[in-house]
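Residue-level structural notes
Take a look at the letters that make up each chain.
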Amino acid sequence: MNRGPLSPRGGAGAIADYGQRASLAHRQRVGPARRRNRRARTLARLRRRAVVIVVAAVAAVGTLVAARWVTTSPRFAVAAVNVQGASRVAVPRILAAAAITPGTNLWTLNSSAVAARVATLPEIRRADVVRELPNRVTIVVEERRPFTLVHAAKLHWMDEDGYVLGEERRAVAPGVPVISGLNEDELASMGSTPAPKARAAVALIRALLRSGTALAAEISEIDMSQADGPILYTVDGVEVRLGAEDWDERLARLEGVLAQVATQDVSGVDLRFKDQVVLRRGTAR
């Protein structure tokens, strides 16, 4: 072995093999045992995957079988329908609107559709359907509450949202003014859609109630027939033209005006003009 310095001019001495394997790794090979272990691990992974797939398939089949059973079993056939929350609306009307056929499966029942059908009744504000295992259904309703009366040939109750609730044949005195000036077409549509005049009248009544005075008790009627705003009538028959806007400010003035003319022969008060009150002399209606 040449131990001298390496040089292109040097002799062709032999160079030691510095890449020779150590004695422990010399001629080492992957034996059969190692190959068997690798094969065993691969088979174990495949078996675990197969088990997961089988379990998922069994669960899916079980779910389908269970779903078919609950949706077809006579045990879940609707046998009774109850109604809660109804006081003004007859229960048979609510059941007829719900239209739940006896024997309908409890789980296939479209509760949203049933609630929507019940809510089409003019007197019903909201409806919810509750399933009760194994075979009962309860319909919970919230009725619209009468707010005031609408006078259009006959008296009809109206709620605070402007929906007509039904005819009133008795002589009654509501706690807020009666509304007039609505035509038959407007009244007929108010079972499903409040008329703009009805909404405006309700807004005016709310303004009266907000005043916190006895003014609401002095007004007996609100006539919505005029295009330039409502006409109020007091319990003494005085006609008040209020205009179509700024009701809160004008109602505040009206209370003082009525107090001043209480002992005078005044049949009308006009508040439609800004900062001006026009009185009409004569006998109140």
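Cut-off values and rules
- Residues numbered from 1 in each chain as written.
- Predicted model: local features only at pLDDT ≥ 70, side-chain atom pairs only at ≥ 80, totals over all residues.
- Heavy atoms only, no water.
- Helix = DSSP H or I, 4+ residues; strand = E, 2+ residues; numbered from the N terminus.
- Buried < 20%, exposed > 50% of the residue type's maximum accessible area, 1.4 Å probe, protein only.
- Contact = heavy atoms within 4.5 Å.
- Phe/Tyr/Trp six-rings, centres within 6.5 Å; stacked < 30°, edge-to-face > 60°.
- Lys NZ or Arg CZ within 6 Å of the ring centre and 35° of its normal.
- Pairing = 2+ DSSP bridges.
- Axes fitted to C-alpha atoms, helices over the stretch in contact; angles between N-to-C directions.

**Some points on the environment of A200**
Relative to the helices and strands, A200 is located in helix α5 (residues 196–210). Given the relative accessible area of 24%, A200 is considered partly exposed. Here the alpha-carbon distance between A200 and P230, two residues 30 residues apart in the chain, equals 8.8 Å. Excluding anything up to four places from it in sequence, A200 contacts M224 and W247.

**Structural notes on the packing of aromatic side chains**
Tallying each qualifying case throughout the model produces 1 aromatic pair. Judged by centre distance (6.2 Å) and plane angle (65°), the rings of F76 and W107 are edge-to-face. Of this pair, F76 sits in the loop between α1 (32–72) and β1 (80–84) while W107 sits in the loop between α2 (91–98) and α3 (111–118), and the two are 31 residues apart along the sequence. Residue classification places F76 among the buried residues on the basis of a relative accessible area of 9%. Residue W107 is classed as partly exposed on the basis of its relative accessible area of 40%. For the cation-ring pair, R144 lies above Y163, with the distance from its terminal atom to the ring centre recorded as 3.8 Å.

**Quick notes on the sheet that holds β1**
The strand order across the open sheet built from 3 strands is β1-β3-β2, with neighbouring strands paired in mixed fashion. The open sheet has two free edges, formed respectively by β1 and β2 (124–132), since each of these has just one partner strand. For this sheet, the mean inter-axis angle between neighbouring strands, taken without regard to orientation, is 20°. Alignment of β2 against strand β3 (residues 136–143), held across 8 bridges, turns out to be antiparallel. Paired with R131 across the bridge in β3 is V137. Those strands touched by α2 are β1, β2 and β3, and its axis lies near 125° from that of β1. Where α3 meets the sheet, it contacts β2 and β3, and its direction lies at approximately 150° from that of β2.

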